[in-house]
Amino acid sequence: AKLSADFGENIWPKLKSRGWKQDGKSKGYSYKGKTCKSIIAVLDAIPKYHPELMIIVNSLIHSVTADSEKSLASASVATLDLENVTAQSLKLFLMECAPLQLLADRNRATRISLTRRLLTQLTLLDGLHKIISTADLTGLPEASPEERNLQVSKLINMNPRTSLPHPEWTVLHDAVLIRAVTKHGWIDKQETCSAIGNDKTIKWG
């Protein structure tokens, strides 16, 4: 309820002014031919279409997460008896504890294969998103992209022994790359690298 209320009050008016539409029947959202069936899906799409709104989005996520943690602290914790586990008990446990993205994927005909490589990438991406979220929360809402990247660079510890992609590469370039990865995805695929290279909003300095 808090997510829906905060989204409707703080984010939806800004998206609506940028051309987003809401379907009253399906309660979905659409923008330039892309349809999002939930608020979570809209939040996932915002970095790609409206990076200037990320400070507000991160603030909302931080607020909702803090509220959820308070609720969980006072609620009973779901447990799983591994000696007597059944398909039904496992399903109920996942429905209560699993990430929403995993639950949505389990209902798809073609499910994501949770390989060790993918799980490692997800762990790395989670760390990058936390860096961006932390940096944006310390900055001002009206901060420029350069100022926001500067905040990110302050959280990066560069090992002097690490090889650099270019002699003039600095932590500011790392900060730009981190934002690019959180926007377009991990740089292990050509289409991701091309998307980053063709993104005119990414300023390398």
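What counts, and where the lines are drawn
Residues numbered from 1 in each chain as written. Predicted model: local features only at pLDDT ≥ 70, side-chain atom pairs only at ≥ 80, totals over all residues. Heavy atoms only, no water. Helix = DSSP H or I, 4+ residues; strand = E, 2+ residues; numbered from the N terminus. Buried < 20%, exposed > 50% of the residue type's maximum accessible area, 1.4 Å probe, protein only. Contact = heavy atoms within 4.5 Å. pLDDT = per-residue confidence, 0-100. Core = buried A, V, L, I, M, F, W, Y, C linked by side-chain atoms within 4.5 Å.

A. Looking closely at the side chain of Gln121. With respect to the helices, strands and loops of the structure, Gln121 is situated in helix 6 (residues 116-138). Here Gln121 falls in the buried class, since its relative accessible area comes to 14%. Once residues lying within four places of it in the same chain are set aside, the contact partners of Gln121 are Trp186 and Asp188.

B. The arrangement of the confidence of the model for the protein in detail. Per-chain confidence: the protein averages 85 in pLDDT, with 95% of residues scoring 70 or above. Looking across the protein, the model is least confident in helix 5 (residues 100-106), with a mean pLDDT of 71, and most confident in helix 8 (residues 171-184), with 94.

C. Focus on the nonpolar core. Among the nonpolar cores identified, the biggest contains 18 residues, and Phe7, Ile11, Leu15, Trp20, Val42, Leu43 and Ile46 are the most heavily contacted of them. For this core, the secondary-structure elements that each account for two or more residues are helix 1 (2-17), strand 2 (29-31), helix 2 (39-49) and helix 3 (54-74). Take this core: its biggest share by element is 5 residues, from helix 2. Those residues in contact with Ile46 that lie beyond four places of it in its chain are Ile11, Leu15, Pro51, Leu53, Met54 and Val57. Residues Ala135, Ile156, Ala175 and Val181 belong to the second largest nonpolar core, which totals 9 residues.

D. Summary view of unusual backbone geometry. If you check the backbone angles, Lys32 has positive phi at about 50° while not being a glycine. Positionally, Lys32 belongs in the loop between strand 2 and strand 3 (34-36). Judged by its relative accessible area of 70%, Lys32 is exposed.

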